[in-house]
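As a plain string of letters, each chain reads:
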Amino acid sequence: MKRYEREFAGLAPEEKEATMELTTSWERKGREAGRQERRQEGKEELVARQITQRFGTISSQAIQWLDQLSAEQLNDLGVALLDFASAADLDNWITQQNRP
């Protein structure tokens, strides 16, 4: 950090401004990525809780599978769970999602 500060101090004013804009852009992207990751984790947790509430325990294989789902797939599964009558319906849904 000290090295960065020394080098930054030696920049021309316009270079400092460009560097600050770039740094701010990186910070924004980092914060957004963090928010997306937290939303994804929240969706996974919610769907896992729905499955557990509906069918009892959830297998470690199912948990691993949930980790691989996109946000859109988690949304779809959350809605589809409303119509599932048994854990077999969940297994069938998973199988369909894994088809190319």
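Residues numbered from 1 in each chain as written. Predicted model: local features only at pLDDT ≥ 70, side-chain atom pairs only at ≥ 80, totals over all residues. Heavy atoms only, no water.

Peer 1: Looking at this structure, how should I read the confidence of the model for the protein chain?
Peer 2: Any residue range with low pLDDT should be treated as having predicted coordinates unsuitable for detailed reading. Chain-level pLDDT for the protein chain is 82 on average; 98% of the residues reach the 70-or-more range. When mean pLDDT is taken per element in the protein chain, helix α4 (residues 71-80) scores highest with 90 and helix α1 (residues 2-9) scores lowest with 78. (pLDDT = per-residue confidence, 0-100. Helix = DSSP H or I, 4+ residues; strand = E, 2+ residues; numbered from the N terminus.)

Peer 1: Which parts of the structure should I look at to understand the environment of Asp67?
Peer 2: With respect to the secondary-structure elements, Asp67 resides in helix α3 (residues 60-68). The exposure class assigned to Asp67 is partly exposed, which follows from its relative accessible area of 48%. For Asp67 and Glu41, which are 26 residues apart along the polypeptide, the C-alpha to C-alpha distance reads 8.5 Å. (Buried < 20%, exposed > 50% of the residue type's maximum accessible area, 1.4 Å probe, protein only.)

Peer 1: Is there a simple way to think about a negative patch on the surface in this case?
Peer 2: Taken together, the side chains of Glu14, Glu15, Glu17 and Glu21 define an acidic patch exposed on the protein surface. Relative to the helices and strands, Glu21 resides in helix α2 (residues 13-55). (Patch = residues over 30% accessible without salt bridge, like charges linked within 9 Å, V, L, I, M, F, W, Y side chains within 5 Å. Areas by Shrake-Rupley, 256 points an atom, 1.4 Å probe, with all protein chains shown as cover. Salt bridge = Lys/Arg side-chain N within 4 Å of Asp/Glu carboxyl O. Lys, Arg positive; Asp, Glu negative; His and termini not counted. Charge placed at Lys NZ, Arg CZ, Asp CG, Glu CD.)

Peer 1: How should I be thinking about α2 in this particular structure?
Peer 2: Between its first and last C-alpha, α2 extends 63 Å over 43 residues, near the 63 Å set by a 1.5 Å rise per residue. Within α2 the residues assigned to the buried category are Ser25, Gly34, Gln40, Glu44, Val47, Ala48 and Ile51. Along its buried surface, α2 packs onto α3, α4 and α5 (87-97). With its phi angle positive at about 95°, Gly56 sits one or two positions after the end of α2. (Expected span 1.5 Å × (residues − 1). Contact = heavy atoms within 4.5 Å.)

Peer 1: Would you take a moment to explain the nonpolar core for this structure?
Peer 2: In a soluble, globular protein the nonpolar side chains are often hidden away together inside. In this structure, Ile51, Leu66, Leu77 and Trp93 are the most contacted members of the largest nonpolar core, which totals 16 residues. With sequence-adjacent residues up to four places away left out, Trp93 is seen in contact with Trp65, Leu69, Gln73, Asp76, Leu77, Ala80 and Phe84. (Core = buried A, V, L, I, M, F, W, Y, C linked by side-chain atoms within 4.5 Å.)

Peer 1: Sorry if this is basic, but what is going on with the packing of aromatic side chains here?
Peer 2: A ring pair, where both rings are aromatic, is described by two values, the distance of the centres and the angle of the planes. Within this structure, the stated rule accounts for 1 aromatic pair. Arranged with centres 5.6 Å apart and planes meeting at 90°, the rings of Trp65 and Trp93 form a pair that is edge-to-face. Here Trp65 is found in helix α3, whereas its partner Trp93 is found in helix α5, with 28 residues between them in sequence. By the burial criterion, Trp65 is buried, and Trp93 matches it. (Phe/Tyr/Trp six-rings, centres within 6.5 Å; stacked < 30°, edge-to-face > 60°.)

Peer 1: Just checking my understanding: could you explain the packing of α4 against α5 for this structure?
Peer 2: What describes two packed helices is the angle between their axes and the distance between those same axes. The geometry of α4 relative to α5 is characterised by a closest axis approach of 11 Å and an angle of 150° between their N-to-C directions. Taken together, the axes of α4 and α5 are roughly antiparallel relative to one another. For the pair α4 and α5, the sense of crossing is right-handed. Side by side, α4 and α5 meet where Gln73, Asp76, Leu77 and Ala80 of the first sit next to Leu90, Trp93 and Gln97 of the second. Residue composition of the contact of α4 with α5, grouped by class: 4 nonpolar, 2 polar and 1 charged. (Axes fitted to C-alpha atoms, helices over the stretch in contact; angles between N-to-C directions. Parallel < 35°, antiparallel > 145°, perpendicular 65-115°, else oblique. Left-handed = near helix turned anticlockwise from the far one by under 90°. Nonpolar A, V, L, I, M, F, W, Y, C, P; charged D, E, K, R; others polar.)

Peer 1: Teacher, can you tell me more about the side chain of Glu44 here?
Peer 2: Along the chain, Glu44 turns up in helix α2. Excluding anything up to four places from it in sequence, Glu44 contacts Leu66, Asp67 and Leu74.

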